[in-house]
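Chain by chain, the residues:
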2 protein chains.
Amino acid sequence: VGLPGTNEVEMLQEIVSFIASEEDVPICIDSSNPIAIEAALKVAPGKPIINSVTGEEASLSAILPLAKEYETAIIGLTMGNGGISRDPERRLEIAETIIERALRIGISIEDIIIDPLVLSVATETQGALETLATIALIKEKLGVNINIGASNVSFGFPTRQTINEAFLALAAGSGANCVITNPRSHFLSIRSIDILLGRDPYGANYVQHYRKLKKQSTTE
Amino acid sequence: VGLPGTNEVEMLQEIVSFIASEEDVPICIDSSNPIAIEAALKVAPGKPIINSVTGEEASLSAILPLAKEYETAIIGLTMGNGGISRDPERRLEIAETIIERALRIGISIEDIIIDPLVLSVATETQGALETLATIALIKEKLGVNINIGASNVSFGFPTRQTINEAFLALAAGSGANCVITNPRSHFLSIRSIDILLGRDPYGANYVQHYRKLKKQSTTE
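What counts and what doesn't
Residues numbered from 1 in each chain as written. Chains lettered and ligands numbered in written order. Predicted model: local features only at pLDDT ≥ 70, side-chain atom pairs only at ≥ 80, totals over all residues. Heavy atoms only, no water. Helix = DSSP H or I, 4+ residues; strand = E, 2+ residues; numbered from the N terminus. Rg over C-alpha atoms; globule rule 2.2 N^0.38 Å. Buried < 20%, exposed > 50% of the residue type's maximum accessible area, 1.4 Å probe, protein only. Areas by Shrake-Rupley, 256 points an atom, 1.4 Å probe, with all protein chains shown as cover. Lys, Arg positive; Asp, Glu negative; His and termini not counted. Charge placed at Lys NZ, Arg CZ, Asp CG, Glu CD. Contact = heavy atoms within 4.5 Å. Pairing = 2+ DSSP bridges. Axes fitted to C-alpha atoms, helices over the stretch in contact; angles between N-to-C directions. pLDDT = per-residue confidence, 0-100. Right-handed = clockwise from strand over helix to strand, strands pointing away. Least-squares fit on C-alpha atoms with pLDDT ≥ 70 in both. Buried area = accessible area lost by both parts, 1.4 Å probe. Salt bridge = Lys/Arg side-chain N within 4 Å of Asp/Glu carboxyl O. Patch = residues over 30% accessible without salt bridge, like charges linked within 9 Å, V, L, I, M, F, W, Y side chains within 5 Å. Disulfide = S-S within 2.5 Å. 1 Å grid on protein atoms, 1.4 Å probe; cavity = no way out; pocket = protein on both sides within 12 Å on 5 of 7 lines; lining within 4 Å. Points joined across faces, edges and corners; volume = space filled by probe spheres on them.

Some words on the overall build of chain A
A count of helices and strands for chain A gives eight helices and six strands. Moving toward the C terminus, one meets the helices and strands of chain A in the order α-β-α-β-α-β-α-β-α-β-α-β-α-α. Over its C-alpha atoms chain A spans a radius of gyration of 18 Å, differing by no more than 12% from the 17 Å that the globule rule assigns to 220 residues. Dimensions of chain A, computed from C-alpha atoms along their principal axes, come out at roughly 50 × 45 × 35 Å. Here chain A holds 220 residues, and 45% of them are scored as buried. Only carbon and sulfur atoms are counted for the fraction: they give 52% of the accessible area of chain A, which is about 10800 Å². Of the side chains in chain A, 18 bear a positive and 27 a negative charge, and the two mean positions are spaced by 7 Å.

What to know about the side chain of His186 of chain B
All names here are of chain B. If you trace the backbone, His186 turns up in the loop between β6 (178-180) and α7 (187-196). For His186, a relative accessible area of 3% translates into the label buried. With residues near it in sequence (within four places) discarded, His186 still touches Gln161, Asn164, Glu165, Leu168 and Thr181.

Considerations on the environment of Ala36 of chain A
Residue and element names in this part refer to chain A. Its location among the elements puts Ala36 in helix α2 (residues 34-41). Spatially, the C-alpha atom of Ala36 lies 8.5 Å from that of Met11, the residues being 25 residues apart in sequence. The contact partners of Ala36, leaving out residues within four places of it in the chain, are Glu8, Val9, Leu12 and Ser31.

Topic: the sheet that holds strand β6 (residues 178-180) of chain A
All names here are of chain A. Read from one edge of the open sheet, six strands run β1-β2-β3-β4-β5-β6, paired in parallel fashion. Lying at the two open borders of the sheet, with one neighbouring strand each, are β1 (28-30) and β6. For this sheet, the mean angle separating the axes of adjacent strands, direction not counted, is 30°. Sheet topology note: the strand β4 (residues 112-115)/strand β5 (residues 145-149) ladder contains two bridges and is parallel.

Structural notes on the confidence of the model for chain A
Across chain A, the average pLDDT comes to 94, with 100% of residues at or above 70. Both scores are given for the predicted complex: the pTM is 0.91, the ipTM 0.88.

Observations regarding the pairing of strand β3 (residues 73-77) of chain A
In regular strands, side chains alternate between the two faces of the sheet. Residue and element names in this part refer to chain A. Of all five residues making up β3, five are buried, and the element is well covered by its neighbours. The alternating pattern of β3 places Ala73, Ile75 and Leu77 on one face and Ile74 and Gly76 on the opposite face, and all of these are buried. As judged from the four bridges shared by strand β2 (residues 49-53) and β3, these two strands associate in the parallel manner. Directly across from Ile49, in β3, lies its bridge partner Ala73. Note on the crossover from β2 through helix α3 (residues 57-69) to β3: the handedness is right-handed. Across four bridges, the pairing between β3 and β4 is parallel.

So, the relation of the copies chain A and chain B
For the match of chain A to chain B, the screw axis carries a shift of 0.0 Å, the RMSD comes to 0.0 Å, and the turn is 180°. Both copies of the chain, as the preceding transformation shows, are related through a two-fold rotation axis. An overlap of 100% is found between the interface residues of chain A and their copies at the interface of chain B, pointing to a shared contact surface.

Concerning the interface of chain A and chain B
In this assembly, 34 residues from chain A lie in contact with 34 residues from chain B. Both sides together, the interface formed by chain A and chain B hides about 2800 Å², and carbon and sulfur atoms give 75% of it. In this assembly, chain A and chain B are joined by zero salt bridges. Mapped onto the side of chain A that touches chain B, the elements with two or more residues apiece are α5 (127-141), α6 (160-174), α7 (187-196) and α8 (204-219) of chain A. Top contributing element to the side of chain A that touches chain B by residue count: α6 of chain A, with eight residues.

Focus on a nonpolar patch on the surface
A grouping of Val1, Met11, Ile15, Phe18 and Ile19 of chain A is seen on the molecular surface, where their side chains present a nonpolar patch of about 390 Å² in accessible area. Positionally, Val1 of chain A belongs in the segment before α1 (8-22).

Digging into the state of the cysteines
All names here are of chain B. With the rule as written, the count across this model stands at zero disulfides over all chains. As a non-bridged cysteine, Cys28 has Cys178 as the owner of its nearest cysteine sulfur, 9.7 Å distant. Residue class for Cys28 comes out partly exposed when judged on its relative accessible area of 37%.

Focus: α7 of chain B
Each α-helix turn comprises 3.6 residues. Residues three or four places apart therefore point the same way. Counting buried positions over the 10 residues of α7 of chain B gives seven, a clear majority of the element. For α7 of chain B, the complete set of buried residues consists of Phe187, Leu188, Ser189, Ser192, Ile193, Ile195 and Leu196 of chain B. Buried-residue contacts for α7 of chain B involve α5 and α6 of chain A together with α6 (160-174) and α8 (204-219) of chain B. Of the residues flanking the end of α7 of chain B, it is Gly198 of chain B, one or two places downstream, whose phi is positive at about 75°.

Observations concerning the pattern of salt bridges
All names here are of chain A. Per the counting criterion, the structure on display carries 16 salt bridges over all chains. A salt bridge links Lys47 to Asp111; the shortest N-O distance between them is 2.6 Å. Residue Lys47 is found in the loop between α2 and β2, and its partner Asp111 is found in the loop between α4 (88-104) and β4; the two are separated by 64 residues along the sequence. Members of the salt-bridge network, linked through shared partners, are Arg86, Arg91, Glu124 and Glu130.

Description of the layout of surface pockets
There is about 1000 Å³ of room inside the largest pocket. Cys28, Asn51, Val179, Ile180 and Thr181 of chain B are, among the 36 residues lining the largest pocket, the residues nearest its centre. Where the lining of the largest pocket is concerned, the elements lending two or more residues are β1 (28-30), β2 (49-53), α3 (57-69), β3 (73-77), β4 (112-115), β5 (145-149), β6 and α7 of chain B. Of the volumes computed, that of the second largest pocket is approximately 390 Å³. What lines the second largest pocket is a set of 21 residues, among which Leu170, Gly173 and Ser174 of chain A together with Gly173 and Ser174 of chain B lie closest to the centre. Mapped by element, the contributors of at least two residues to the lining of the second largest pocket are α5 and α6 of chain A together with α5 (127-142) and α6 of chain B.

This is how it looks when you write it as structure tokens:
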């Protein structure tokens with residue numbers, strides 16, 4: 001909804017209202033405009049997620065109070081005034097800043113989700129490795145929830161899903177536990193990672209979803 | 001060729017001869033019978049791999065001299081007299097034993113490939129995690145080549161390829177660099193891991209193989 005020529009404040013609120021009327025799920029609100037975010041929060045059901053706050057002062061002081069007031073979870077992007085650093089240690093520092101500021105105004109640690117940022121490997125050959133190193137570092141030092149925007153990594157490539165699936169496994173293996181992706185594209189691959197990381201004993205959940213998928217494809 | 005009722009010594013040699021007459025590639029000889037392995041080595045072209053030696057004395061003293069005499073590479077399975085240990089530290093110890101014995105009779109370190117063993121997650125919920133921990137430990141402590149038999153992990157599941165692909169990415173992320181698998185099943189997924197781990201700058205190799213695959217499917 002943040003396209004040029006649209007009124008983001010009105011449109012974001014309208015779309016959140018519409019989705020809430022159709023689906024009984026919490027909503028992740030993706031905007032950098034605090035006014036649009038607040039308009040959406042007024043109509044969002046349940047406990048939303050705000051996506052996102054950054055380490056920049058203007059963002060911290062505008063977005064974090066909204067998360068506190070509306071009791072939402074919040075995604076913190078590890079970028080600051082200098083943009084996106086290539087150095088995992090610097091991204092860790094920004095995560096620490098966001099967490100410290102959020103805790104200070106009373107947001108709970110379990111409601112803070114850090115996003116270590118994913119660059120396309122089509123332009124940055126070491127980009128995925130840097131993200132994986134950042135995930136492992138944040139997991140080890142801070143132990144918070146970690147989100148990735150999985151599909152960014154393959155921007156510019158053919159057969160993006162193949163690359164995305166490998167990246168999802170690598171990121172989960174490094175410690176990421178949230179993902180922004182099309183759930184229909186990765187219906188079984190995400191659940192196969194759960195089996196492999198010991199989170200789905202005997203694959204019971206995997207097999208249940210496999211049967212659901214098979215039933216759907218037979219019915220269609 | 002190790003089925004009951006077959007003469008493994010004759011059949012392994014015959015099959016290796018046949019493959020060598022059809023394809024110009026080095027061969028990985030999979031047997032635990034030293035007599036069958038030697039019969040095959042006599043007709044194998046180029047530099048074969050022997051799969052495998054274990055940490056058991058009977059295996060070490062029978063197989064390692066063959067690897068030395070025929071100048072092959074060798075896969076060492078991290079299992080000893082007590083079978084397969086669930087403990088990554090114990091598997092590391094067995095890898096150390098195999099490497100020490102191999103180096104002592106003059107096999108080069110780059111010709112030693114350690115296989116940390118993969119159990120099916122259908123019966124061992126922590127099995128993949130144990131293998132991943134073993135891979136990371138062997139990589140860190142010993143720095144040798146590491147092989148996995150990727151498809152074992154999904155034995156007993158439907159849509160095994162989905163699980164195998166996630167496991168390949170997790171294993172490569174932990175440090176595995178060799179794999180026993182059907183290369184046709186993982187034509188692009190293995191190459192996507194290379195991009196993500198920074199081993200294929202700008203995905204040049206990936207895109208080349210993607211085009212080859214596309215051309216084949218158009219021709220068929």
